[in-house]
Structures are given as C-alpha cells and as structure tokens.
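# Reading the structure
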Amino acid sequence: MWKDGITCDISSATDNMVHALVKIDPSKPEVLLYFMYDSTYNDPKKKQWNFLHELSEVVYQPWLVLGDLNFHLARNRSSSDIWVQDRVRDSGLSDLGYEGNDYTWTSNSFGTGTKKARLDMGLGNTDWFLQFPNAKVCHLYHIASDHCPIMLITDHIPRKLSRPFKCFGTLMEHNTFRTQMQQAWNINVQGSPAHKFKNKLQRTRFTLGKCNRLEFGDIHKNIKLLQDKLNISQKEPNSVSQERKVKTITHDLENWYKIQTNFYKEKSRDKHIHDMDNNTKYFHSLVNKRMHKNNISLLSDNDGNWLRDRDSISSLLTTHFSNISCSSNHVFPDDAFSIIPTVINDSHNVVLLAS
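First things first, this report covers the structure right here in the doc. (Residues numbered from 1 in each chain as written. Predicted model: local features only at pLDDT ≥ 70, side-chain atom pairs only at ≥ 80, totals over all residues. Heavy atoms only, no water.)

All chains considered together, the criterion is met by 8 salt bridges. For Lys45, the salt bridge goes to Asp38, with nearest N and O atoms at 2.9 Å. Notably, a salt bridge pairs Arg118 with Asp95, separated by 2.8 Å at the nearest N-O pair. In this pair, Arg118 sits in the loop between β8 (116-117) and β9 (120-124) while Asp95 sits in strand β5 (residues 94-95), placing the two residues 23 residues apart along the sequence. By relative accessible area, Asp95 is classed as partly exposed at 21%. Through salt bridges that share partners, Asp86, Arg89 and Asp90 make up one connected network. (Salt bridge = Lys/Arg side-chain N within 4 Å of Asp/Glu carboxyl O. Helix = DSSP H or I, 4+ residues; strand = E, 2+ residues; numbered from the N terminus. Buried < 20%, exposed > 50% of the residue type's maximum accessible area, 1.4 Å probe, protein only.)

Okay, here's the thing in structure tokens:
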C-alpha cells in the first residue's frame, strides 16, 4: 500500500461484490469491507442481500458495505426498496451518513438531471460505529457519469470546541444533588431579573459541573481501576478479609456498571428498551450514531461554496443568525411551524383554552 500501517487483502470477488480485509488503523481491529454493486434485477438483488444477511450472523468485527447499492432509504418507495430496507435492518447495518449533495445519481451525466436519488452509500454494523464513530461518505462532484464518485472518510480532524454543559440523570440521582442545586440557585445576586437569572444559571452550571467531576469523573477509568483491583484481590490467598474485599469491590463495580449503562442509555435517547440487562455496547453504539448524525461537518454558503473547516462554518452560522436577529423587516413563512413536532393535540387545546 501507499501508506505505512494500512493493509488490504482481497479475499474474494463474486456476484458484483469484492470482499476485502483491511487494516485502516494499526490501533484498531481489522475491518471487513465489502465493495458492492447491487443489481437492479430482483433475483440477483435478493441473492446478494440474502448472502449479506447470512454473513451478518457470523461477523464479529467492524463491517462496512460500500458502493452503488441501488435502493432508497426512504420508506415510501417500491416494494423492492422495502424488502432491501428490511434485510439491511435485520443484518444490523445502519447508514453512515454523508457530506455534500443530497443525491449521488441523476438522469444525465452532468449531474443536472431532473431525476435525482441517493443510491451510493455506506452501511456499517455496530462494531464499525464503535471503532469509527466519525466516519462518513463524501459525495464528490459529477464528472462524465450519471453517478458521482464517493469517498470514505474514516476520521475527521478533531474539533477543538468546548463541550456544552449537560445534566444527566445519574447526577440527579446522587444524594447531594438537591442540596448543591439549592445552594447554587439561592445565591444573592443584585441587579435586573435577567441579570439575576443569568448569574444563577452560571453558578448552578459551575456547581453541578464540579460535582459531576468530583463524584463521577471518568466513568470508564473508574470501572477499569475497579476491574484491576478485583483481579488482584481474586488472586490473593483465601481468607475472610479477602472474601469481604472481593464482595465490596464487586458491589462497587456493579454500581458503576449501572451508572455507565444509564449514562449511555440517556445519551442515546433510546425509547424502545425499558428493562434489560446492562448492554453498554448497544447504547454506546446508539450514542455514536446520534453524534454522527448531529455533527455539522460541511455547509454550503449562498454562493454554493462548500465550507469544511470549523472557523468558516462558525463564521457562516454567526453571520446568518446575526442577519436574521438584526433584520428590521422580519418575514416569517406560514409553513415554518410545520417542521416543529406537534405535542398538543386538538383535545388538549380545548382543555387549555377552556375558561
């Protein structure tokens, strides 16, 4: 290969699929990479996806399917698309997301056709998202083809941004939370109501952030330390004190496992699983997928130029919202509320408006 530390071994090529074992990062496991052209005919298409579904049951490593997959992710498509979508879901694969235009295929070779669709994409399993949480597919420009080239980006440049404060349920369940919250909020502040409110929020955020660092710190590090202590204690000679120590460490470790699971479950915003064993890997993968989708790594300005670096994106957003906020002639479109999910229905509204 052209870069040290990267290896690629082609294991087979059949049915418009190239199977490769790739070492992308020396510090991470080997990746099973499938380059695929999905047939437009039903029988070959079903053969390909049935094979991938069977393969998914024996794959225990990062797995990525990449290429012209010839189906739509939207549910309101043909029966063939719905069948493939179900196969993708049953195989444990999820969309990597993308950068660039919303389509990879047009009805002409100049990228200006009236019909457009996103047919080229990447699908990864849970292990892929755990190992490469920032990976995305970049849609390049159309050149002499009805399909645009796509490029896999496994790791973006780290962002040097401050993390916003978030108060999780694990902190709220701590026995000192209510006391610290009250003390922080009840500070004596002089000034206008807005000034008081702002300072109380800042003080509360600082206090709860400090409490979170002192009481919880790095959850993964705490678990690792307890695992090491348990391993050492279990190797000590049998005695009453040794047994008591192992039970204490085990109890503490189970408590930290619970904290870790609740932390990632809350971050994942999973609403489907309410009662189950500690499955941190499942919730961690959902967190990575949410962060993956919520990350803004590419924006287009008014001139159609794509901005990638953080400073340019930040400047564009600041200018845009400054112009909106400073406008003297506000224009609020009638359909603006359609993008906001409805929480209050008609019956609720009748009760609220009743005298």
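Additional details are given in the paragraphs that follow.
Think of a sheet as strands paired side by side through backbone hydrogen bonds, with each pair either parallel or antiparallel. Overall, mixed pairing links the 6 strands, which are arranged β1-β2-β3-β4-β9-β5 in an open sheet. Each end of this open sheet is capped by a strand with a single partner; those strands are β1 (7-14) and β5. Packed on one face of the sheet, helix α1 (residues 42-56) meets β2 (17-23), β3 (31-37), β4 (63-68) and β9 and runs near 170 degrees to β3. (Pairing = 2+ DSSP bridges. Contact = heavy atoms within 4.5 Å. Axes fitted to C-alpha atoms, helices over the stretch in contact; angles between N-to-C directions.)

A separate point is the sheet that holds strand β11 (residues 150-153). Here 3 strands make up an open sheet; going across it, the order is β6-β10-β11 and the pairing mixed. Since the sheet does not close on itself, it has two edges, and those belong to β6 (98-99) and β11, each with one partner. Sheet topology places strand β10 (residues 136-139) next to β11; 4 bridges connect them, and they run antiparallel. Bridge pairing in β11 places Val137 opposite Leu152.

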